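# Examining the three-dimensional arrangement
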Amino acid sequence: MLKTFTITITGSRKYQKMEQVDQLINSIHNHIKRHNLDINCIKFITGFADGPDKRACEKIIEYGWPEPKKYLPNYALNGRKLAPILRNDDIARDCDLNISFYDRASSGTKDVMLKCLKYGKPQFIIDSMHPYTKIYIDQLVELIFVSFIIPYYGYENINNVR
């Protein structure tokens, strides 16, 4: 059975630059093709909130990946305040890597980022205020593949992941 590397893409509901989310998913897709990996070697999970979460889901499905696993807050069981916090904990615990689109204001995205730190999960933050984000995203994906995904599968096995 193919083992999968799990990425979560989180983001501030008010994050405006959805083309950056598109660029990230496109770049991940291109790297999978370039490294001759099976598209199913990467699994995505999401909180499915408005903004980058939902946009990433749309693009992921568009590229032919399986639909991301959705971690929805259980308001009926945990209430309005606690449900998102518990959901964010599940996301941070279950991912291998977090990529956050952050507007420097969202408490939910910040909560996921802090929980990833708690669990020792690597993460990358795409800052909406940074002027070179467009260039940065492609370099970021290259770094993710070289530092995390390829070593995860083993350099000697990288073309045999299919």
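What you see is a predicted model; the values in this text were computed from it and never measured.

Calculation rules
Residues numbered from 1 in each chain as written. Predicted model: local features only at pLDDT ≥ 70, side-chain atom pairs only at ≥ 80, totals over all residues. Heavy atoms only, no water. Buried < 20%, exposed > 50% of the residue type's maximum accessible area, 1.4 Å probe, protein only. Helix = DSSP H or I, 4+ residues; strand = E, 2+ residues; numbered from the N terminus. Pairing = 2+ DSSP bridges. Right-handed = clockwise from strand over helix to strand, strands pointing away. Patch = residues over 30% accessible without salt bridge, like charges linked within 9 Å, V, L, I, M, F, W, Y side chains within 5 Å. Areas by Shrake-Rupley, 256 points an atom, 1.4 Å probe, with all protein chains shown as cover. Salt bridge = Lys/Arg side-chain N within 4 Å of Asp/Glu carboxyl O. Phe/Tyr/Trp six-rings, centres within 6.5 Å; stacked < 30°, edge-to-face > 60°. Lys NZ or Arg CZ within 6 Å of the ring centre and 35° of its normal. Disulfide = S-S within 2.5 Å.

So, on to the pairing of strand 1 (residues 5-11). Where a strand is regular, its side chains alternate between the two sheet faces. Counted residue by residue, strand 1 has 7 buried out of 7 residues, so it is predominantly covered. Both faces of strand 1 are covered, namely the face carrying Phe5, Ile7, Ile9 and Gly11 and the face carrying Thr6, Thr8 and Thr10. Bridge analysis of strand 1 against strand 2 (residues 42-46) gives 4 bridges, and the strand direction is parallel. Looking across to strand 2, one finds that isoleucine 7 is bridged to phenylalanine 44. Each parallel crossover has a hand, and the one from strand 1 via helix 1 (residues 18-34) to strand 2 is right-handed.

This part covers a nonpolar patch on the surface. Side chains of Leu82, Ile85 and Leu86 sit close together on the surface and give an oily, nonpolar patch of about 230 Å² of accessible area. Within the secondary structure layout, isoleucine 85 lies in helix 3 (residues 75-94). The class for isoleucine 85 is partly exposed, based on a relative accessible area of 41%.

Before going further, it helps to spend a moment on the packing of aromatic side chains. Inspection of the entire model under this criterion finds 5 aromatic pairs. Ring geometry for tyrosine 15 and phenylalanine 101: centres 5.4 Å apart, planes at 70°, overall edge-to-face. On the criterion of sequence distance, the pair formed by tyrosine 15 in the loop between strand 1 and helix 1 and phenylalanine 101 in strand 4 (residues 97-102) is long-range, its members being 86 residues apart. For phenylalanine 101, a relative accessible area of 0% puts it in the buried group. Lying across the ring of phenylalanine 48, lysine 70 places its NZ or CZ 4.0 Å from the centre. Directly above the aromatic system of tyrosine 75 lies the positively charged group of arginine 80, at a separation of 4.1 Å from the ring centroid.

What follows covers the environment of alanine 105. Looking at the secondary structure, you find alanine 105 in the loop between strand 4 and helix 4 (107-118). Taking C-alpha positions, alanine 105 is 10.0 Å from arginine 13, a pair spaced 92 residues apart along the chain.

Applying the stated rule across the entire model yields 0 disulfides. Cysteine 95 supplies the cysteine sulfur nearest to cysteine 41, a cysteine that is in no disulfide, at a spacing of 16 Å. The exposure class assigned to cysteine 41 is buried, which follows from its relative accessible area of 0%. Free cysteine: cysteine 57, not disulfide-bonded; nearest cysteine sulfur from cysteine 95 at 15 Å. Residue cysteine 57 is classed as buried on the basis of its relative accessible area of 4%.

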